[in-house]
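# An overview of the molecular structure
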Amino acid sequence: MSDVDGAYASGTPCWFDMTVPSRDTAMDFYGPVLGWTFKGDFYTMCEVRGKPVAAIAEPHPGEPAPVQSNWTIYLATADCAAALRRVTDAGGKVVKPRQDAMVGWLAIAQDTTGGVFALWQGRELSGSQVVDEDGAPCWSEVTSADLPATVEFYRRVFGYDTEPIEDVPYVTLNSGGRPVAGVFAGAEQRPHEGHAAWLAYFQVPDAERAAEQAVSQGGRVVTAPQDSPYGRNVVLADPFGATFVAIERRG
């Protein structure tokens, strides 16, 4: 069990949410696939062991449903306003300025190669309260068409230490003395612009079973289950097209 009680280190993916046309359809999908339970109405908390790890919402009344649903990945910051200044100083864009979300401050930004992410300065909620166990988030990465430029942008905004992976077009972003996220130069394989540029990993006990459940609940398998040094993983899409990785981790 990996409970998170305090603040996340700067730049750590700390929260995950998305807006969907139907919360009921989303819950019918993610309940079996990731083992989530749910609490709340408009902004529905997705829970592991009764603790929130993500959220799903529907549009406000009168607002159109999203053309494409995607998971938004929030990166932790102790000062949302200062982080937005660093975004623009590094050549990025402010998509949505800082706003009060009752339990914290949030903003949406775009990196220099088109990836969209959120900033989160938590107050009552620092982010996902469970990580690195079944049903919980365990990794996040952004896909880029320009690996050096993307790495430099995020380094300037969050102060990461960066570590290239040998023989792989991948750079690990380290914060607080440990790896927290990555940059993957696989633009020909994955979306590399918008919210979909960031990909969330959720741990599962059985990757093959997660793939079967996804298909049976109206989703699809984007990339067949495969082994990696970190476990067996499968890229899945939910009924609205939002992609994520289900990973059966080793060790």
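This text gives an overview of the structure that appears in the document. In this text, all values refer to a predicted model and were calculated from it rather than measured experimentally.

With that out of the way, let us pick up the pairing of strand 16 (residues 243-249). Along strand 16, five of the seven residues are buried, which leaves the element largely enclosed by surrounding structure. Bridge analysis of strand 13 (residues 198-203) against strand 16 gives three bridges, and the strand direction is parallel. Residue pairing across strands places Gln203 opposite Ile247, the latter belonging to strand 16. Where strand 15 (residues 231-237) hands over to strand 16, the hairpin turn is made up of five residues, of which Gly241 adopts a positive phi near 95°.

Positionally, Glu152 belongs in helix 3 (residues 147-158). Taking C-alpha positions, Glu152 is 31 Å from Val67, a pair spaced 85 residues apart along the chain.

Of the voids in this model, the largest pocket is the one considered here, and its volume is about 1,200 Å³. Contributing to the lining of the largest pocket are 40 residues, with Trp139, Glu141, Tyr170, Tyr201 and Tyr230 lying nearest its centre. The element best represented in the lining of the largest pocket is strand 9 (residues 137-143), accounting for six residues. Partitioned by chemical class, the residues of the lining of the largest pocket number 24 nonpolar, 10 polar and six charged. Considered as a void within the structure, the second largest pocket measures approximately 990 Å³ in volume. Lining of the second largest pocket is provided by 32 residues; of these, Asp17, Thr19, Tyr43, Tyr74 and Lys96 occupy positions nearest its centre. For the lining of the second largest pocket, the secondary structure elements donating two or more residues are strand 1 (13-19), strand 3 (43-48), strand 5 (72-76), strand 6 (93-100), strand 7 (104-110) and strand 8 (116-122).

Now for the sheet that holds strand 3. Read across the open sheet, the eight strands follow the order 2-3-4-1-5-8-7-6; overall the sheet is mixed. The sheet is open, and its two edges are formed by strand 2 (37-39) and strand 6, each paired on a single side. Across the sheet, the mean angle from the axis of one strand to that of its neighbour is 30°, orientation sign disregarded. Pairing of strand 7 with strand 8, which is carried by seven bridges, proceeds in the antiparallel orientation. Its bridge partner lying in strand 8, Ala107 is registered against Leu119.

Turning to the packing of aromatic side chains, a few remarks are in order. Within a pair of aromatic rings, the relevant descriptors are the distance that separates the centres and the angle that separates the planes. Counted according to the given criterion, the structure contains 18 aromatic pairs. Ring centres 6.2 Å apart and planes at 85° place the aromatic pair Tyr74 and Trp120 in the edge-to-face group. One end of the pair, Tyr74, is in strand 5; the other, Trp120, is in strand 8, with 46 residues separating them in the sequence. With respect to burial, Tyr74 and Trp120 carry one shared label: buried. Through a chain of ring-to-ring contacts, three or more aromatic side chains come together here, namely Phe16, Phe29, Tyr30, Trp36, Trp71, Phe202 and Phe244. Stacked on the ring of Trp105, the Lys or Arg Arg98 has its end atom at 4.1 Å from the ring centre.

Next up on the list: the packing of helix 2 (residues 80-89) against helix 3. Relative to each other, helix 2 and helix 3 sit at 150°, their axes nearing to 8 Å. In this structure, helix 2 meets helix 3 at a crossing whose hand is right-handed. Only Phe153, Arg156 and Val157 of helix 3 make contact with helix 2, whose side of the interface consists of Ala83, Arg86, Val87 and Asp89. The class makeup of the residues in the contact of helix 2 with helix 3 is four nonpolar, no polar and three charged.

What counts, and at which threshold
- Residues numbered from 1 in each chain as written.
- Predicted model: local features only at pLDDT ≥ 70, side-chain atom pairs only at ≥ 80, totals over all residues.
- Heavy atoms only, no water.
- Buried < 20%, exposed > 50% of the residue type's maximum accessible area, 1.4 Å probe, protein only.
- Helix = DSSP H or I, 4+ residues; strand = E, 2+ residues; numbered from the N terminus.
- Pairing = 2+ DSSP bridges.
- 1 Å grid on protein atoms, 1.4 Å probe; cavity = no way out; pocket = protein on both sides within 12 Å on 5 of 7 lines; lining within 4 Å.
- Points joined across faces, edges and corners; volume = space filled by probe spheres on them.
- Nonpolar A, V, L, I, M, F, W, Y, C, P; charged D, E, K, R; others polar.
- Axes fitted to C-alpha atoms, helices over the stretch in contact; angles between N-to-C directions.
- Phe/Tyr/Trp six-rings, centres within 6.5 Å; stacked < 30°, edge-to-face > 60°.
- Lys NZ or Arg CZ within 6 Å of the ring centre and 35° of its normal.
- Left-handed = near helix turned anticlockwise from the far one by under 90°.
- Contact = heavy atoms within 4.5 Å.

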